[in-house]
Amino acid sequence: MKIATYNVNGINGRLPVLLKWLNETEPDIVCLQELKAPQEKFPEKAIQDLGYHAIWNGQKSWNGVAILSRTDEVQEICRELPGDEEDIQSRYLEAMVAGIHVCCLYLPNGNPAPGPKFDYKLRWFERLTTHAAELLASGKPVVLTGDYNVMPTELDVYKPERWHEDALFRPEVRQAFKTLVDQGWTDAIRKLYPDQTIYTFWDYFRNAYGRNAGLRIDHFLLSPSIAPRLTAAGVDSAVRGWEKTSDHAPVWIELSDE
DNA sequence: ATGTCAGGTTGGACCTGA
C-alpha cells in the first residue's frame, strides 16, 4: 500500500498537475495540504472520476486539508486539532482508512519570527504533540503526515547558515519536532535514508529547483505499530519541474500488508 | 534584500501569505 502527502498550494490552480500525478503514481491514500479553497470549491468530481473517495476541510483563501483514498472508504474521525477552540484555521483532518489511523496536518509557517505567527506555530506544535501522545498510547497504527514547516536537521536544508533565524529552522521549532519524534515516532524518510540529502520543497525564487536549493519540510511519522511495515519511501521530485506546479513535491511511503 | 506564486478584491492593479 502506498500513502502519499502533497502540499498542492492551491488545489484548483494546480488541478491538472494533481490529476496527472495521481494518474501516474496511483497512491492508495493521499493527504493534501494548502487547498486554498472554500469547502464548496473542492474539485470533488474530478477526483472521484479518478476513482478516489475524499473528505476535506476547506477554508477561503488559505490553508485547507484533504484525505483521499482509492481503496477503502475514508471514515472521518475529526477535523480539528484539540486544544484551542478559538483556532479556526483549517489545518487538520484525521480519518480511518484501510485500518490505518491517518492524520493529515498543515503546520503553521510561523514567519516572521519572533512574533504572533511564530507563537501560534509553537502553540500548534504543542497541541499536536499532546494529541500525538494520546494516539501513541492507543497502540493503533497511526500515520502522522503533512507539511510540518520544519527542517529537522542541517541535513534537511541546502544552506543551513542562512536559515537559523527563520521560523522553519529556529531552535525552538527543531526542538519541538524532536520532542514529538522522541515520543516514539519513526521519521520514514530518515529511517530508510539516514544520511542522504532529500528535499520536498523548492521555492519559486531564483531557480531554486534548478539549483536544487531545497528544504525537507514534508514528513511521514509512523507509530511503532505500523513502522515495521515500512518497505520504501521517496519524493516524486520531478513533479516540481512540471508547468504550473506547487512549490512542494509529493512524498510517499510504501507499507507491506499486515 | 532579493525573488515568484495563488487567491482575493471598495475592480484588471494591488494586497496577503507563503
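Look up a bit, the structure's there.
On a predicted model such as this, the values are computed, not experimentally measured, just so you know.

A. Local environment of the protein's contact with DNA strand B. Near DNA strand B lie 16 residues; those nearest to it are Lys 60, Ser 61, Tyr 204, Phe 205 and Lys 244. By atom count, sugar and phosphate contribute 69% of the portion of DNA strand B lying within 4 Å of the protein. Tyr 204 is positioned with one of its backbone polar atoms (N or O) 3.5 Å from a sugar or linking oxygen of DNA strand B.

B. Geometry of the pairing of strand β1 (residues 2-7). Within β1, six of the six residues are buried, leaving the element largely enclosed by the surrounding structure. Side chains Lys 2, Ala 4 and Tyr 6 project from β1 onto one buried face, and the interleaved Ile 3, Thr 5 and Asn 7 project onto a second face that is buried too. Relative to strand β14 (residues 251-255), β1 runs antiparallel, the two being bridged by four bridges. Bridge pairing in β14 links Ile 3 to Ile 253. The pairing of β1 with strand β2 (residues 29-33) spans five bridges and is classified as parallel. When the bridges of β2 are listed, Thr 5 appears paired with Cys 31. Each parallel crossover has a hand, and the one from β1 via helix α1 (residues 15-25) to β2 is right-handed.

C. Structural view of helix α3 (residues 116-138). With 23 residues, α3 should reach 33 Å at 1.5 Å per residue; the first-to-last C-alpha distance of 33 Å fits that figure. Along α3, the positions that sit buried rather than exposed are Phe 118, Tyr 120, Lys 121, Trp 124, Phe 125, Arg 127, Leu 128, Thr 129, His 131, Ala 132, Leu 135 and Leu 136. Taken together, the buried residues of α3 touch β6 (92-97), β7 (100-106), β8 (142-147) and α4 (171-181).

Here is what the cut-offs are and how they apply
- Residues numbered from 1 in each chain as written.
- Chains lettered and ligands numbered in written order.
- Predicted model: local features only at pLDDT ≥ 70, side-chain atom pairs only at ≥ 80, totals over all residues.
- Heavy atoms only, no water.
- Near = heavy atom within 4 Å.
- Polar contact = N/O pair within 3.5 Å; in protein donor to acceptor, adjacent residues only side chain to side chain.
- Buried < 20%, exposed > 50% of the residue type's maximum accessible area, 1.4 Å probe, protein only.
- Helix = DSSP H or I, 4+ residues; strand = E, 2+ residues; numbered from the N terminus.
- Pairing = 2+ DSSP bridges.
- Right-handed = clockwise from strand over helix to strand, strands pointing away.
- Expected span 1.5 Å × (residues − 1).
- Contact = heavy atoms within 4.5 Å.

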